[in-house]
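# Observations on chain architecture
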Amino acid sequence: MTIFEKIIAREIPAKIVFEDDEVLAFHDVNPQAPVHVLIVPKRVVARLDEAKESDAQLLGKLILVARKIARELGVSESGYRLVINSGPNAGESVPHLHVHLLGKRSLGWPPG
């Protein structure tokens, strides 16, 4: 069971900002920006590279939930970044697909 599954099951506390039947979003405990929220599907998809065509609706929902949260947290106008790490060389540390929403500071390019 990954840390995200434990958070979804409420075995580990988290500062939740959004939840519905398919998605949970919460503040990262090790933020890399003043706003750093993780948007996690409740159904486990290990990583983007393992997503299937049947996951298309869920993948789209993750992005739309990120947009909603960005508006609610006041980063829409100044800008924000969405990041999905897929695989260890990309910085994936939890094998459970998730989207990072980062904002409220200038984000350099290229990343990482």
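Residues numbered from 1 in each chain as written. Predicted model: local features only at pLDDT ≥ 70, side-chain atom pairs only at ≥ 80, totals over all residues. Heavy atoms only, no water.

Turning to the nonpolar core, a few remarks are in order. A general trend in soluble globular proteins is that nonpolar side chains are found buried together. Counting 17 residues, the largest nonpolar core has Val23, Val37, Ile39 and Ile69 as the members making the most contacts within it. Secondary-structure elements contributing two or more residues to this core are strand E2 (23-27), strand E3 (35-41), helix H2 (56-72) and strand E5 (99-103). The dominant element in this core, judged by the number of residues it contributes, is H2, at 6 residues. Residues within four places of Val37 in sequence aside, it is in contact with Val17, Ala25, Phe26, His27, Asp28, Ile69, Leu73, Val99, His100 and Leu101. By size, the runner-up hydrophobic cluster in this structure holds 8 residues, among which are Phe4, Ile7, Leu24 and Val40. (Core = buried A, V, L, I, M, F, W, Y, C linked by side-chain atoms within 4.5 Å. Buried < 20%, exposed > 50% of the residue type's maximum accessible area, 1.4 Å probe, protein only. Helix = DSSP H or I, 4+ residues; strand = E, 2+ residues; numbered from the N terminus. Contact = heavy atoms within 4.5 Å.)

A surface patch of nonpolar side chains, amounting to about 360 Å² of accessible area, comprises Leu48, Ile63, Tyr80, Leu82 and Ile84. Checked against the element boundaries, Ile63 lands in helix H2. (Patch = residues over 30% accessible without salt bridge, like charges linked within 9 Å, V, L, I, M, F, W, Y side chains within 5 Å. Areas by Shrake-Rupley, 256 points an atom, 1.4 Å probe, with all protein chains shown as cover. Salt bridge = Lys/Arg side-chain N within 4 Å of Asp/Glu carboxyl O.)

To continue, consider the pattern of salt bridges. For side chains bearing opposite charge, pairing can occur when the charged atoms are close. Following the criterion strictly, the structure yields 8 salt bridges and no others. Here Lys42 and Glu19 are joined by a salt bridge, their closest N and O atoms 2.8 Å apart. You can see Lys42 sitting in the loop between E3 and H2 and its partner Glu19 sitting in strand E1 (residues 16-19), a full 23 residues away along the chain. Using a relative accessible area of 24% as the deciding quantity, one classes Lys42 as partly exposed. Two residues, Lys68 and Glu72, come together in a salt bridge whose shortest N-O distance is 2.4 Å. Here the residue Lys68 and the residue Glu72 both occupy positions in helix H2, the gap between them amounting to 4 residues, near one helical turn. Overlapping salt bridges, with partners in common, bring together Arg10, Glu19 and Lys42 in one network.

With that settled, the discussion passes to the environment of Leu48. Residue placement: Leu48 occurs in the loop between E3 and H2. When its relative accessible area of 36% is taken as the criterion, Leu48 is described as partly exposed. Between the alpha carbons of Leu48 and Leu24 there is a distance of 17 Å; along the sequence they are 24 residues apart. Ignoring any residue separated from it by four or fewer positions in sequence, one finds Leu48 in contact with Leu59, Ile84, Ser86 and Leu97.

With that settled, the discussion passes to the sheet that holds E3. In a beta sheet, neighbouring strands are held together by backbone hydrogen bonds and run either parallel or antiparallel to one another. The strand order E1-E2-E3-E5-E4 describes an open sheet built from 5 strands, whose pairing is antiparallel. Two strands in the sheet have a free side with no partner beyond their single neighbour: E1 and strand E4 (80-83). Put simply, the sheet's adjacent strands are angled 15 degrees from each other on average, direction ignored. Bridge analysis of E2 against E3 gives 5 bridges, and the strand direction is antiparallel. Bridging across to E3, Phe26 finds its partner in Leu38. Lying on the sheet, H2 is in contact with E1, E2, E3, E4 and E5; it crosses E3 at an angle near 150 degrees. (Pairing = 2+ DSSP bridges. Axes fitted to C-alpha atoms, helices over the stretch in contact; angles between N-to-C directions.)

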